[in-house]
Amino acid sequence: MSETTVANALRRPRTPRKTSEPVVRATPVADSEGQIDTSYLESLLGYNARRAALAVIGVFLQRMAPYGLRPVDFSVLTLIAHNPGITSRQLCAALDILPPNLVGMIKSLDKRGLIERRPHPTDRRAQGLHLSPAGRKLQKDAQATATKLERDVANGLSEQELEQLKALLQRVYSR
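Structure report, in brief. On a predicted model such as this, the values are computed, not experimentally measured, just so you know.

Some remarks on the overall build of the chain
On a plain count of helices and strands, the chain comes out with eight helices and two strands. If you list the helices and strands of the chain from N to C, you get α-α-α-α-α-α-β-β-α-α. Taken over 175 residues, the chain has a buried fraction of 23%. Put simply, 53% of the contacts in the chain that link residues at least 6 apart link residues at least 24 apart. As displayed, the chain offers around 13800 Å² of accessible surface, 54% of which is attributable to carbon and sulfur atoms.

Some thoughts on the pattern of salt bridges
In total, this model carries eight salt bridges according to the counting rule given. With a shortest N-O distance of 3.0 Å, Asp152 and Lys148 are connected by a salt bridge. One end of the pair is Asp152 and the other is Lys148, both in helix 7 (residues 133-153) and four residues apart, which spans about a single turn. Lys148 sits in the partly exposed class, given a relative accessible area of 45%. One network of salt bridges, in which partners are shared, links Arg63, Lys148 and Asp152.

A look at the packing of aromatic side chains
If you walk through the whole model with that rule in mind, you get one aromatic pair. Taken together, a centroid distance of 5.6 Å and an interplanar angle of 70 degrees make the contact between Phe60 and Phe74 edge-to-face. In this pair, Phe60 sits in helix 3 (residues 45-64) while Phe74 sits in helix 4 (residues 71-82), placing the two residues 14 residues apart along the sequence. Take Phe60: its relative accessible area is 8%, and that puts it in the buried class. Residue class for Phe74 comes out buried when judged on its relative accessible area of 13%.

Let's talk about helix 7
With 21 residues, helix 7 extends 30 Å between its outermost C-alpha atoms, agreeing within 8% with the 30 Å of an ideal straight helix rising 1.5 Å per residue. Each element contacted by the buried residues of helix 7 is listed here: helix 3, helix 4 and strand 2 (127-131).

Comments concerning a nonpolar patch on the surface
Residues Leu45, Leu157, Leu165, Leu169, Val172 and Tyr173 make up a contiguous nonpolar surface patch of roughly 550 Å² in combined accessible area. With respect to the secondary-structure elements, Leu165 resides in helix 8 (residues 159-173).

Some words on the side chain of Gln139
Note that Gln139 resides in helix 7. Its relative accessible area of 6% is what places Gln139 among the buried residues. Within polar-contact distance, the side chain of Gln139 engages the side chain of Thr78 at 3.1 Å. If sequence neighbours within four positions are ignored, Gln139 has contacts with Leu77, Thr78, Ala81, His82 and Leu131.

Side note on the packing of helix 3 against helix 7
Relative to each other, helix 3 and helix 7 sit at 145 degrees, their axes nearing to 10 Å. For helix 3 against helix 7, the interelement crossing comes out right-handed. The residues of helix 7 that touch helix 3, namely those facing Val56, Val59, Phe60, Arg63 and Met64, are Ala142, Thr145, Ala146, Lys148, Leu149, Glu150, Asp152 and Val153. When the residues that make up the contact of helix 3 with helix 7 are grouped by side-chain class, the tally is eight nonpolar, one polar and four charged.

Rules of the game
Residues numbered from 1 in each chain as written. Predicted model: local features only at pLDDT ≥ 70, side-chain atom pairs only at ≥ 80, totals over all residues. Heavy atoms only, no water. Helix = DSSP H or I, 4+ residues; strand = E, 2+ residues; numbered from the N terminus. Buried < 20%, exposed > 50% of the residue type's maximum accessible area, 1.4 Å probe, protein only. Contact = heavy atoms within 4.5 Å. Areas by Shrake-Rupley, 256 points an atom, 1.4 Å probe, with all protein chains shown as cover. Salt bridge = Lys/Arg side-chain N within 4 Å of Asp/Glu carboxyl O. Phe/Tyr/Trp six-rings, centres within 6.5 Å; stacked < 30°, edge-to-face > 60°. Expected span 1.5 Å × (residues − 1). Patch = residues over 30% accessible without salt bridge, like charges linked within 9 Å, V, L, I, M, F, W, Y side chains within 5 Å. Polar contact = N/O pair within 3.5 Å; in protein donor to acceptor, adjacent residues only side chain to side chain. Axes fitted to C-alpha atoms, helices over the stretch in contact; angles between N-to-C directions. Left-handed = near helix turned anticlockwise from the far one by under 90°. Nonpolar A, V, L, I, M, F, W, Y, C, P; charged D, E, K, R; others polar.

What follows is the structure, encoded as structure tokens:
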């Protein structure tokens, strides 16, 4: 039986096959020209967190395209940069990624010449992950881009508000 991660749980469930039966609506459909009432959704933490994440990720994808990095690739490179010798197991735990999903990412980063695998100093079964010189440069440039894009996306918040928002979100997911 496979483990369920947060990322897998957020994936859109498969929809049943369409039938030829007409759809009967019990309530009227919202007017396409009128306002849609989203007040209940906007009262939910998850809805607001997801909307904020989508806004940030949209900008992230545009600005990281020149580096060929997706959010998860950036996260993996950043953890390796800040934790030289980190193991795959530690990466999986830190990012809530299943090991089979990380294997492909590590292979891809290795193939691009961004990381190096070295024997772990205390565990002969594990390999420590390190950035190559090309990986260090790319990660440094991508990190500067990420810092700027975060400032740009959150430009409507004061520095204090941004720090408070991050602290509150961390309290929610660190439980």
